[in-house]
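# Descriptive analysis of the structure
The lines below spell out each chain.
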2 protein chains.
Amino acid sequence: MKKLLNTPEGLVDDALRGFAAAHPDLVTVHFEPRHIVRADAPVRGKVGLVSGGGSGHEPLHGGFVGRGMLDAACPGAIFTSPTPDQILAATRAVDGGAGVLQIVKNYTGDVLNFEMAAELAGAEGIEVAAVITDDDVAVQDSLYTAGRRGVGVTVLVEKICGAAAEGGRALDEVAAIGRRVNGQGRSMGLALTPCVVPQAGRPTFELADDEMEIGIGIHGEPGRRRAKLGTAAEIAELLATPILDDLPFRAGDEVLAFVNGMGGTPLIELYVIYHELARICAGRGLRIVRNLIGPYITALEMAGCSITLLRLDDELIRLWDAPVETAALRWGS
Amino acid sequence: MKKLLNTPEGLVDDALRGFAAAHPDLVTVHFEPRHIVRADAPVRGKVGLVSGGGSGHEPLHGGFVGRGMLDAACPGAIFTSPTPDQILAATRAVDGGAGVLQIVKNYTGDVLNFEMAAELAGAEGIEVAAVITDDDVAVQDSLYTAGRRGVGVTVLVEKICGAAAEGGRALDEVAAIGRRVNGQGRSMGLALTPCVVPQAGRPTFELADDEMEIGIGIHGEPGRRRAKLGTAAEIAELLATPILDDLPFRAGDEVLAFVNGMGGTPLIELYVIYHELARICAGRGLRIVRNLIGPYITALEMAGCSITLLRLDDELIRLWDAPVETAALRWGS
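Here the structure is a predicted model, which is why all the values come from computation and not from measurement. (Residues numbered from 1 in each chain as written. Chains lettered and ligands numbered in written order. Predicted model: local features only at pLDDT ≥ 70, side-chain atom pairs only at ≥ 80, totals over all residues. Heavy atoms only, no water.)

### A few points about the sheet that holds strand 10 (residues 254-261) of chain B
Residue and element names in this part refer to chain B. What counts is decided by this rule: Think of it this way: DSSP has to see at least two bridges between two strands before they count as a pair. Counting from the N terminus, the helices are the DSSP runs of H or I reaching at least four residues and the strands are the DSSP runs of E reaching at least two. The axes used here are C-alpha line fits, helices contributing only the stretch in contact, and every angle between their N-to-C directions lies in the interval 0 to 180 degrees. Any two residues whose heavy atoms approach within 4.5 Å are treated as being in contact.
The sheet built from six strands is open, its strands ordered 9-8-7-12-10-11 with mixed pairing. Only two strands of the sheet have a single partner each, and these edge strands are strand 9 (225-228) and strand 11 (287-294). Along the sheet, successive strands turn relative to each other by an average axial angle of 20°, direction set aside. Here strand 10 runs beside strand 11; their pairing, made up of seven bridges, is parallel. Bridge pairing links Val255 to Ile288 in strand 11. Strands strand 7 (185-191), strand 10, strand 11 and strand 12 (304-311) of the sheet are contacted by helix 4 (residues 153-166), whose axis makes an angle of about 45° with strand 12. The strands touched by helix 6 (residues 232-246) are strand 7, strand 8 (211-214), strand 9 and strand 12; relative to strand 7, the strand with the most contacts, the crossing angle is about 155°.

Structure follows, in structure tokens:
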């Protein structure tokens, strides 16, 4: 296991200490229980957005806390759901009187713990709604999931709901927008190498030198199948076709195309995949009108990528373009 | 070799096609000869900034082309200097009548080819100046370098000179600012794993499972020594001490701290290193007033990191904070 860390047990807290030291203008980091809160929280009258999940997917979710995106993130242990007390503490910290929206990736532990926190917060008089993301077309049910897994679309839901909340929309409206984004978004991923959970110390799975795992989950959960390593054109086709056929996306659709790195894949390769994806979309008559390319939802040092396509409309484009100021996404004034 | 690509020979052009497709609002990409130019170039009356170097270090340099940073970037083949005709074409494309500044990492081939292009441009009546970066304290002379190698500080020179040029400063002033940044910045890197140059198909060097290479170059050039893999605290100390002692940095200095990922190292580990670096700087009485954390100057999929420290003053802080709008760095309005 070759990693830049002090101890496997201390990895998450050491990284959070670094995050707190680097971004005091954006966030405040609490350790007992662990939650990252927007520096100016709670924002009076604004819907508060809370997400979270296992650590090891950075910049998700802590890197998306800030103006125009999340109000709080709850980092669990590596690949482990955050606990209800973390989520409850975050919910209290960001409640500005307009209710709190949870954005939850569809993994059984995450869903249960967010639900429990919502009940506890409700008992304290905080109105809570939830959006569950389940955009991964690779498999139905998985190691940690009933139904489809929540992956790349989560980043897009957080950005777009963040803009809606910042714009003063009410809790039920922000939740409806989040569900629309999840409903119009689809993803699929692929691994060239496994990753190593530090406390386990060994790879999450084995892959031969000439193999890739198609439909991989962000915790190394099994995908659809293994295959011989293909070209970028073949890989883009293997990922894009199930996505395009699932919604289905149709000629004339305007889409956001998100090519995500899994953590160990360099940017130059992601742009090769983007080139192939753009070709495939053009061939189907889709217009890519926005894009995002980089490592935004990762699986430690796994090599590989995922593709997410989101069907856009004018409102979603406007919300995507709205200013955002977080550690990992930053644009606008 | 496990990479997302079609053919080793086509990697750079395929990635550039993806880059062109993704960012038409920011850049125009030319292929014969290869150069990436700011979409609105040439900007009348503004000093044009041209950089370039071997590919495989993305987002350097193409990811830094745009308002407030570079006017053009010349991507060579993987780890190979751009040719004089690329640099000359870029120089012509960005000449807005106020001269052109070359930002060149100190590698023998790069320096020679930029010099040759400067001569050719000069013969056409374009005034050209150059800033050579040589911030790597690891070794004196190296596989491709006489003197010190240019590494992380290059990103900071490009940002800060970009702001100065955008602010209307004259060629000699922008060049002087660039030299000041290089003079006040120091870097050192470390590898946990080698990388594979696609056309070679084998690792640039070998490292045992429990070894790291201290003082690595961004093309896998040998560093100072190999050592048993250490903790993040030890690694940060190994990199920071030679940097701090070299300038030297002194108690009371205000610095920008840049923790750079080499391409295969995930963000969570970079924040652990940042935490340790912040502790070390505090122990020496340095104040980190700005930071940059992420993979900005990479070596394909190499795992590892580098640290750069830059001594700041009020002018450099103002230029660092100025708006920038590129594919890889974006802030301000």
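Next comes the rest of the write-up.
### Quick look at the side chain of His35 of chain B
Residue and element names in this part refer to chain B. Heads up, the rule is: By the criterion applied in these results, polar contacts are pairs of N or O atoms within 3.5 Å in which, for protein atoms, one can donate a hydrogen and the other can accept it, and in which residues neighboring in sequence qualify only through two side-chain atoms.
As for its position among the elements, His35 is in strand 2 (residues 34-38). There is a polar contact of 2.7 Å between the side chain of His35 and the backbone oxygen of Pro33. Apart from the residues lying within four places of it in its own chain, the contact partners of His35 are Thr28, Val29, His30, Ala73, Cys74, Pro75, Gln86, Ala89 and Ala90.

### Observations regarding the state of the cysteines
All names here are of chain B. Keep this limit in mind: Put simply, a disulfide is two cysteine sulfurs that come within 2.5 Å. Only protein chains enter the accessibility calculation, which uses a 1.4 Å probe; a residue whose area is less than 20% of its type maximum is buried, one above 50% is exposed, and one in between is partly exposed.
Applying the stated rule across the entire model yields zero disulfides over all chains. A disulfide-free cysteine, Cys161 has its sulfur positioned 16 Å from the sulfur of Cys74, the nearest such atom. Residue classification places Cys161 among the buried positions, given a relative accessible area of 0%. For the unlinked cysteine Cys305, the closest cysteine sulfur is that of Cys281, found at 14 Å. Cys305 sits in the buried class, given a relative accessible area of 0%.

### A word on the packing of aromatic side chains
To be explicit about the condition: What counts as a ring pair is set by centres within 6.5 Å for rings of Phe, Tyr and Trp (its six-membered ring), and what kind of pair is set by the plane angle: stacked under 30 degrees, edge-to-face over 60, tilted for all other angles. In this scheme, the term charge over a ring applies when either NZ of a lysine or CZ of an arginine sits within 6 Å of the ring centre and within 35 degrees of the ring normal.
Tallied over the full model, the rule gives eight aromatic pairs over all chains. Between Trp320 of chain A and Trp331 of chain A, the ring centres sit 5.4 Å apart and the planes meet at 55°, which makes this aromatic pair tilted. Remark: Trp331 of chain A occurs in strand 14 (residues 330-331) and Trp320 of chain A occurs in helix 8 (residues 314-321); sequence separation between them is 11 residues. By relative accessible area, Trp320 of chain A is classed as buried at 3%. Joined through ring pairs, the aromatic side chains of Phe64, Phe258 and Tyr296 of chain A make up one cluster. The ring of Phe31 of chain B has Arg17 of chain B lying over it, and the distance from NZ or CZ to the ring centre is 5.7 Å. Positioned above the aromatic ring of Phe249 of chain B, the side-chain terminus of Arg311 of chain B is 6.0 Å from the ring centre.

### Points about the relation of the copies chain A and chain B
What counts, and what does not: We superpose the copies by least squares over the C-alpha atoms of residues that have a pLDDT of at least 70 in both of them.
Once chain A has been moved 0.0 Å along the axis and rotated by 180°, it coincides with chain B to within an RMSD of 0.0 Å. Both copies of the chain, as the preceding transformation shows, are related through a two-fold rotation axis. A shared interface surface links the copies, since 100% of the contact residues of chain A are contact residues in chain B too.

### Some words on helix 4 of chain B
Side chains that are three or four residues apart share a direction in an α-helix, a result of its 3.6 residues per turn. Residue and element names in this part refer to chain B. Under the convention used in this document: Multiplying 1.5 Å by the residue count of a helix minus one yields the expected span of that helix.
A rise of 1.5 Å per residue sets the reference length of helix 4, with its 14 residues, at 20 Å; its end C-alpha atoms lie 20 Å apart and thus fit the reference within 8%. Taking burial as the measure, the 14 residues of helix 4 include 13 buried ones, the bulk of the element. In the segment just after helix 4, Gly168 is the residue with positive phi, at about 90°.

### Concerning the pattern of salt bridges
Residues and elements named next belong to chain A. Quick reminder of the rule: We define a salt bridge as a contact between a side-chain nitrogen of Lys or Arg and a carboxyl oxygen of Asp or Glu at a distance within 4 Å.
In this structure the tally under the stated criterion is 48 salt bridges over all chains. Across the salt bridge formed by Arg34 and Asp13, the nearest N and O atoms sit 2.9 Å from each other. Remark: Asp13 occurs in helix 1 (residues 11-22) and Arg34 occurs in strand 2 (residues 34-38); sequence separation between them is 21 residues. Judged by its relative accessible area of 19%, Arg34 is buried.

### Quick word on the domain arrangement of chain A
All names here are of chain A. Just so we agree on the cut-off: Residue ranges assigned to the domains are those given by an automatic or database domain assignment. A quick way to say it: buried area is the sum, across both parts, of accessible area lost when two parts are put together, with a 1.4 Å probe.
Each assigned domain of chain A is listed here: domain 1 (11-184) and domain 2 (185-311). The centre of domain 1, based on its C-alpha atoms, is set 23 Å off from the matching centre of domain 2. Tallying the contact residues gives 32 residues for domain 1 and 34 residues for domain 2. Summed over both partners, the interface of domain 1 with domain 2 comes to about 2,600 Å²; 65% of that surface belongs to carbon and sulfur atoms. Counting the surface domain 1 buries against domain 2, the share from its top three residues, Phe79, Val137 and Gln184, is 24%. On inspection of domain 1 and its partner domain 2, the count reaches one salt bridge. One salt bridge connects Arg148 with Asp246, and the closest N-O pair in it is separated by 2.6 Å. There are 16 residue pairs in polar contact (both at pLDDT 80 or more) connecting domain 1 and domain 2. Every element with two or more residues in the side of domain 1 that touches domain 2 is listed here: helix 4 (153-166) and helix 5 (171-183). At four residues, the largest contribution of residues to the side of domain 1 that touches domain 2 is made by helix 4.

### What to know about the interface of chain A and chain B
Rules: For this scheme, ten residues count as nonpolar: Ala, Val, Leu, Ile, Met, Phe, Trp, Tyr, Cys and Pro. Four count as charged, namely Asp, Glu, Lys and Arg, and the remainder, Gly too, count as polar.
Residue-level contacts link 57 residues of chain A with 57 residues of chain B. Summing the contributions of chain A and of chain B, the shared interface buries around 4,300 Å²; its carbon and sulfur component is 66%. If you sort the residues of chain A by the area they bury against chain B, Lys2, Leu4 and Ile268 of chain A come out on top, with a joint share of 21%. At the junction of chain A and chain B, the tally comes to 20 residue pairs in polar contact (both at pLDDT 80 or more). Residue assignment for the side of chain A that touches chain B shows that the elements contributing at least two residues are helix 1, helix 6 (232-246), helix 7 (267-283), strand 11 (287-294), strand 12 (304-311) and strand 14 of chain A. Considering every element that reaches the side of chain A that touches chain B, the biggest residue donor is helix 7 of chain A, with nine residues. A class-by-class count of the residues in the side of chain A that touches chain B yields 30 nonpolar, 15 polar and 12 charged.

### Structural notes on the side chain of Asn260 of chain B
All names here are of chain B. Inspection of the secondary structure assignment puts Asn260 in strand 10. Engagement of the side chain of Asn260 in a polar contact is seen with the backbone nitrogen of Tyr296, the distance being 2.8 Å. Here Asn260 is in contact with Leu270, Gly294, Pro295, Tyr296, Ile297, Gly304, Cys305 and Ser306, once residues within four sequence places are set aside.

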